[in-house]
Amino acid sequence: MKVEPIRDKELLSRIKTYLFNTNQRNHLMFLTGIHCGFRISDILKLQVKHVKGWDIRVFEEKTGKYRQVRMTKELKRAMRDYIEGKPNEEYLFKSRNGINNPISRKRAYEILRDLADDFHLEQIGTHTLRKTYGYQHYKKFNNVATIMTALNHANQRETMIYLGIEQEELDKQQSKIDW
């Protein structure tokens, strides 16, 4: 199944509010994904020590490269409240299984699927968070080169396809055909 970004900013706001009110861990996982654009495998490896400053620096599992992202004010506030009093080595997105283990990729997927059910969304998966980051970044700044670099893509066309921008533009143009 091809997953899509969450395009509607009002819907994003409703989801964030819902998660804030229901599950702090899941809220923070969602925020980290949509504000930083990390892959879920990299998000799940984060520990308290990785988020104490303003920058999150991760070693990307897929690319084998380091990537540094400055936290937004919203994410930093949520992060600061969440990690208060926790030891440096504690995983941010801790599983109930074991003493200090992160949730699994499968569990992260289940959390997002439950969210999709609650909000009647389709084509949602763990990559939705990363795609949402890219899509919203592109829509705000309209700079495909920057988002291409942030997502570590080889070219701009790959980024446009990945974010669904190309299809969105084609659909928009198609709806204007009147010949």
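Residues numbered from 1 in each chain as written. Predicted model: local features only at pLDDT ≥ 70, side-chain atom pairs only at ≥ 80, totals over all residues. Heavy atoms only, no water.

1. A few points about the pairing of strand β2 (residues 66-70)
- Only one face of β2 is covered, namely the one carrying R67 and V69; the face carrying Y66, Q68 and R70 has none of its residues buried.
- In this structure, strand β1 (residues 55-59) lies alongside β2, joined through five bridges in antiparallel fashion. Following the sheet pairing, D55 is matched in β2 by R70. (Buried < 20%, exposed > 50% of the residue type's maximum accessible area, 1.4 Å probe, protein only. Helix = DSSP H or I, 4+ residues; strand = E, 2+ residues; numbered from the N terminus. Pairing = 2+ DSSP bridges.)

2. Points about the packing of aromatic side chains
- As enumerated under the stated definition, the model contains two aromatic pairs in all.
- Taking 5.5 Å as the distance between ring centres and 80° as the angle between the ring planes, the aromatic pair formed by Y18 and F119 counts as edge-to-face. Placement of the pair is Y18 in helix α1 (residues 9-22) and F119 in the loop between α5 (105-118) and α6 (127-141), with a sequence separation of 101 residues.
- Considering the side-chain rings of F59 and Y66, the 5.1 Å spacing of their centres and the 65° angle between planes classify their relative orientation as edge-to-face.
- Relative accessible area serves as the criterion here: at 41%, F59 is assigned to the partly exposed category.
- Directly above the ring of Y66 sits R57, whose terminal nitrogen or CZ lies 4.3 Å from the centroid. (Phe/Tyr/Trp six-rings, centres within 6.5 Å; stacked < 30°, edge-to-face > 60°. Lys NZ or Arg CZ within 6 Å of the ring centre and 35° of its normal.)

3. Looking at the pattern of salt bridges
- Per the counting criterion, the structure on display carries 14 salt bridges.
- As a salt-bridge pair, E89 and K49 come within 3.1 Å of each other at their nearest N and O atoms. Residue E89 is found in the loop between α4 (73-83) and α5, and its partner K49 is found in the loop between α3 (40-43) and β1; the two are separated by 40 residues along the sequence.
- Through salt bridges with shared partners, a single network forms among K2, E4 and R7. (Salt bridge = Lys/Arg side-chain N within 4 Å of Asp/Glu carboxyl O.)

4. Some words on unusual backbone geometry
- A positive phi angle, close to 55°, is found at H120, a residue other than glycine.
- Position of H120 relative to the elements: it lies in the loop between α5 and α6.
- The class of H120 is exposed, set by a relative accessible area of 72%.

5. Here we look at the layout of surface pockets
- If you add up the space inside the largest pocket, you get close to 430 Å³.
- Lining the largest pocket are 14 residues, and of these K9, I34, H35, Q136 and K140 lie nearest its centre.
- Top element by residues in the lining of the largest pocket is α6. It accounts for six residues.
- By volume, the second largest pocket is sized at about 310 Å³. (1 Å grid on protein atoms, 1.4 Å probe; cavity = no way out; pocket = protein on both sides within 12 Å on 5 of 7 lines; lining within 4 Å. Points joined across faces, edges and corners; volume = space filled by probe spheres on them.)

6. Some thoughts on the nonpolar core
- Grouped together as the largest cluster of nonpolar side chains are 39 residues, with contacts concentrated most on I15, M29, F30, I56 and L92.
- Those elements that place two or more of their residues in this core are α1, α2 (24-36), α3, β1, α4 and α5.
- Of all the elements, α2 adds the most residues to this core, at six residues.
- Contact partners of I15, with chain neighbours within four places excluded, come to I6, F30, L115, F119 and L121.
- Membership of the second largest hydrophobic core comes to eleven residues, among which are Y135, L151, M160 and L163. (Core = buried A, V, L, I, M, F, W, Y, C linked by side-chain atoms within 4.5 Å. Contact = heavy atoms within 4.5 Å.)

7. With respect to the packing of α1 against α2
- Here α1 crosses α2 at 150°, and the two axes come no closer than 6 Å. On the basis of their axis angle, the class for α1 and α2 is roughly antiparallel. The two elements α1 and α2 cross, and the hand of that crossing is left-handed. Here L12, I15, K16, L19, F20 and T22 of α1 come into contact with α2, specifically with Q24, N26, H27, F30, L31, I34 and H35.
- Across the contact of α1 with α2, the residue classes tally to seven nonpolar, five polar and one charged. (Axes fitted to C-alpha atoms, helices over the stretch in contact; angles between N-to-C directions. Parallel < 35°, antiparallel > 145°, perpendicular 65-115°, else oblique. Left-handed = near helix turned anticlockwise from the far one by under 90°. Nonpolar A, V, L, I, M, F, W, Y, C, P; charged D, E, K, R; others polar.)

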